[in-house]
Amino acid sequence: MDEPEVWLPLHKEMVESGCSAGNDRLAWAAFVTLVRGKFAPIYSLGEVIRYVAHARSALEDQAHMVNARVAEGLIRRALGDDSLDAEALDMVDDETRACAQILMMLALLADADFDDSALEEFLNSARELAAQGS
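The model shown is predicted, which means the values in this text are computed figures rather than measured ones.

(A) How the structure looks around the overall build of the protein. Counting secondary structure elements, the protein contains 7 helices and 0 strands. Along the protein, from the amino end to the carboxyl end, the secondary structure elements read α-α-α-α-α-α-α. Out of the 134 residues belonging to the protein, those deemed buried represent 37%. Taking as baseline every contact in the protein between residues at least 6 positions apart, the subset at least 24 positions apart corresponds to 72%. Carbon and sulfur atoms make up 51% of the accessible area of the protein, which amounts to about 8,200 Å² in all.

Below, the structure written as structure tokens:
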């Protein structure tokens with residue numbers, strides 16, 4: 001897997017050019033699908049906090065690239081947590097939010113360890129969710 005420094009400039013260029021809109025919807029749907037697969041239907045805030053801490057620790061010297069509170073907030077949003085301060089999460093800059101979402105998605109993908117058929121099922125579920133407007 002490429003290091004974050006490789007794909008961050010590409011993501012920034014896509015956002016600035018407006019080419020990322022459809023990809024953003026699909027990426028969010030994929031993130032939601034992975035989060036729900038990991039944590040739903042029942043989870044605790046402590047589980048989310050521990051998961052983010054574990055995922056950040058696996059990044060070692062690049063852990064600073066993931067704002068823990070933002071990552072936790074994104075996971076909680078994906079789970080439909082009504083107690084989440086959505087306004088504070090929406091105030092976060094795009095780069096911080098994108099880094100947290102993408103790096104958490106990579107951690108969730110690694111944990112899922114999909115075989116070919118499970119990966120295809122995951123991709124189909126994410127596409128369907130994106131088509132619904134997630």
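(B) Inspection of the packing of helix H4 (residues 68-78) against helix H6 (residues 94-112) at higher detail. Where H4 meets H6, the axes come as close as 9 Å, and the angle between the chain directions of the two elements is 65 degrees. By the angle between their directions, the pair H4 and H6 is classed as roughly perpendicular. For H4 against H6, the interelement crossing comes out right-handed. On H6, the residues that touch Val70, Ala71, Leu74 and Ile75 of H4 are Thr96, Arg97, Ala100, Gln101 and Met104. Here the residues of the contact of H4 with H6 sort into 6 nonpolar, 2 polar and 1 charged.

(C) Examining the pattern of salt bridges more closely. Tallied over the full model, the rule gives 4 salt bridges. Across the salt bridge formed by Asp81 and Arg76, the nearest N and O atoms sit 2.8 Å from each other. This pair shows no difference in class: Asp81 is buried, exactly as Arg76 is. Residue Asp94 pairs with Arg97 through a salt bridge whose shortest N-O separation is 2.9 Å. With Asp94 and Arg97 both in helix H6 and 3 residues apart, this pair spans about one turn of that helix.

(D) A look at the nonpolar core. Ranked by internal contacts, the top residues of the largest apolar core, which has 33 residues, are Phe31, Val35, Phe39, Leu74, Ile75 and Met104. Among the elements of the structure, helix H2 (21-39), helix H3 (45-58), H4, H6 and helix H7 (116-131) are those that each provide at least two residues to this core. At 8 residues, H2 tops the list of elements feeding residues into this core. When sequence neighbours within four positions are dropped, the list of residues in contact with Leu74 reads Trp28, Phe31, Leu89, Arg97, Ala100 and Gln101.

(E) Region of interest: the environment of Ile75. Turning to its location among the elements, Ile75 is positioned in helix H4. When its relative accessible area of 0% is taken as the criterion, Ile75 is described as buried. Measuring from C-alpha to C-alpha, the distance between Ile75 and Gln101 comes to 8.5 Å, with 26 residues separating the pair along the chain. Look past the residues within four positions of Ile75 in its chain and what remains in contact with it is Phe31, Val35, Phe39, Val48, Tyr51, Val52 and Met104.

(F) Quick look at H7. Taking 1.5 Å of rise per residue, the 16 residues of H7 would be expected to cover 22 Å, and the 23 Å separating its terminal C-alpha atoms lies within 8% of that figure. Its side-chain oxygen at 3.2 Å from the backbone nitrogen of Ser117, Asp115 defines the N-terminal cap of H7. Within two residues after H7, Gly133 carries a phi angle of roughly 95 degrees, on the positive side.

(G) The packing of aromatic side chains, seen in detail. According to the stated counting rule, one finds 3 aromatic pairs in the structure shown. Taken together, a centroid distance of 5.6 Å and an interplanar angle of 90 degrees make the contact between Phe39 and Tyr51 edge-to-face. Placement of Phe39 in helix H2 and of Tyr51 in helix H3 is noted, with a sequence separation of 12 residues between them. The class of Phe39 is buried, set by a relative accessible area of 5%. Ring geometry for Phe114 against Phe122: centres 5.3 Å apart, planes inclined by 20 degrees, an arrangement best described as stacked. Look at Phe114 and you get partly exposed, because its relative accessible area is 30%. On the basis of relative accessible area, Phe122 is assigned to the buried category, the value being 8%.

Calculation criteria
Along each chain, numbering runs from 1 in the same order as the chain's sequence is written. Local features in this predicted model are restricted to residues of pLDDT 70 or higher, and side-chain atom pairs are both shown and tallied only at a pLDDT of 80 or more, whereas totals for entire chains, interfaces and linings draw on every residue. Heavy atoms throughout the structure, all of them, feed into the side-chain values; hydrogens and water do not. Starting at the N terminus, helices and strands are each numbered in turn, a helix being any DSSP run of H or I of at least four residues and a strand any DSSP run of E of at least two. Throughout this description, buried means an accessible area under 20% of the type-specific maximum (1.4 Å probe, protein chains only), exposed means over 50%, and partly exposed covers the range between. The contact rule is simple, with two residues in contact once any of their heavy atoms fall within 4.5 Å. Where accessible areas are quoted, they stem from the Shrake-Rupley method and a 1.4 Å probe; at the residue level, only the protein chains shown are allowed to cover. Between the N-to-C directions of two axes lies an angle of 0 to 180 degrees, each axis being a line fitted to C-alpha atoms and, for a helix, fitted only over the stretch in contact. Orientation labels follow simple angle bins: below 35 degrees gives roughly parallel, above 145 gives roughly antiparallel, 65 to 115 gives roughly perpendicular, and whatever is left gives oblique. Less than a right angle of anticlockwise turn of the near helix away from the far helix marks a crossing as left-handed, whereas a clockwise turn marks it as right-handed. Side-chain classes are defined by residue name, with Ala, Val, Leu, Ile, Met, Phe, Trp, Tyr, Cys and Pro counting as nonpolar, Asp, Glu, Lys and Arg as charged, and the others, Gly among them, as polar. Any carboxyl oxygen of Asp or Glu that lies within 4 Å of a side-chain nitrogen of Lys or Arg is treated as forming a salt bridge with it. Nonpolar cores are built from buried Ala, Val, Leu, Ile, Met, Phe, Trp, Tyr and Cys residues. Side-chain atoms within 4.5 Å join them into one set. Helix span, as expected, comes to 1.5 Å for every residue beyond the first. Polar contacts, as used here, are pairs of N or O atoms within 3.5 Å; protein pairs need one atom able to donate a hydrogen and one able to accept it. Residues neighboring in sequence count only if both atoms are side-chain atoms. Only centres within 6.5 Å qualify two rings of Phe, Tyr or Trp (six-membered ring in Trp) as a pair; their planes then separate them into stacked at under 30 degrees, edge-to-face at over 60, and tilted for everything else.

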